[in-house]
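Geometric and topological summary
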Amino acid sequence: MLHWMFGGRSRRLGCTLVLAIAAAWAGSAQAATHYLTIINDDSVPATSVEAAPRGTADYRPLDTAGSLQGGRAGQVMVAFPDGQCVFDIRVTYPDRGPLTITQWNICRQPTLYLGKARRAGIRQADSH
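Residues numbered from 1 in each chain as written. Predicted model: local features only at pLDDT ≥ 70, side-chain atom pairs only at ≥ 80, totals over all residues. Heavy atoms only, no water.

Here we come to the packing of aromatic side chains. All told, the structure shown has one aromatic pair when counted by the stated rule. On the basis of an interplanar angle of 45 degrees and a centroid distance of 4.5 Å, the ring pair of F80 and F87 is categorised as tilted. Looking at F80, the relative accessible area reads 6%, which means it is buried. Taking relative accessible area as the criterion, F87 reaches 4% and is therefore assigned buried. The ring of Y59 carries the charged tip of R90 above its face, separated from the ring centre by 3.9 Å. (Phe/Tyr/Trp six-rings, centres within 6.5 Å; stacked < 30°, edge-to-face > 60°. Buried < 20%, exposed > 50% of the residue type's maximum accessible area, 1.4 Å probe, protein only. Lys NZ or Arg CZ within 6 Å of the ring centre and 35° of its normal.)

Okay, structure coming up:
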């Protein structure tokens, strides 16, 4: 129980406790929401986009309000409220296999071009 007194030690202890609680709230507020803009610059629509914290395979669908049209027409901004930065992202297409993008840092790269990522993955697979 917190006692407020107009003199002595109890008041200082109470102020210290209030400051500690305020600092804790401020610390939790620092887990800032990060935003990722997804642009489908590919030629085909993306039917779904999911994200998982790096390396967890705990994919959750992102709210893209339906499929993302190709040709840069499909764009969406999604929020990541937990303050994390690095995610694995999986994109599903109607006529081809899924695209998995690993370790995407949304804090450093807040825009993801799906077609560019898919073409980079094809080039990487061809070089091996």
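And the narrative resumes.
In this section: the nonpolar core. Among the nonpolar cores identified, the biggest contains 21 residues, and L36, I38, F80, I89, V91, L112 and L114 are the most heavily contacted of them. Listing elements by their share of this core, those giving two or more residues are β1 (34-40), β2 (48-53), β4 (74-80), β5 (86-92), β6 (99-105) and α2 (114-126). L112 has contacts with L36, T37, I38, I39, I89, I101, W104 and A117, leaving out every residue within four places of it along the chain. (Core = buried A, V, L, I, M, F, W, Y, C linked by side-chain atoms within 4.5 Å. Helix = DSSP H or I, 4+ residues; strand = E, 2+ residues; numbered from the N terminus. Contact = heavy atoms within 4.5 Å.)

Close inspection of predicted coordinates is inappropriate in any region flagged by low pLDDT. Chain-level pLDDT for the protein is 81 on average; 77% of the residues reach the 70-or-more range. Low pLDDT, under 50, characterises residues 1-7; the predicted model gives this stretch nine contacts beyond four residues in sequence or across chains. Scored below 50 in pLDDT, residues 9-29 shows nine contacts in the model against residues more than four places distant or in partner chains. (pLDDT = per-residue confidence, 0-100.)

If you walk through the whole model with that rule in mind, you get five salt bridges. For the salt bridge of R96 with D42, the shortest nitrogen-to-oxygen distance reads 3.0 Å. In this pair, R96 is assigned in the loop between β5 and β6 and D42 in the loop between β1 and β2, connecting sequence segments 54 residues apart. Residue classification places R96 among the partly exposed positions, given a relative accessible area of 30%. (Salt bridge = Lys/Arg side-chain N within 4 Å of Asp/Glu carboxyl O.)

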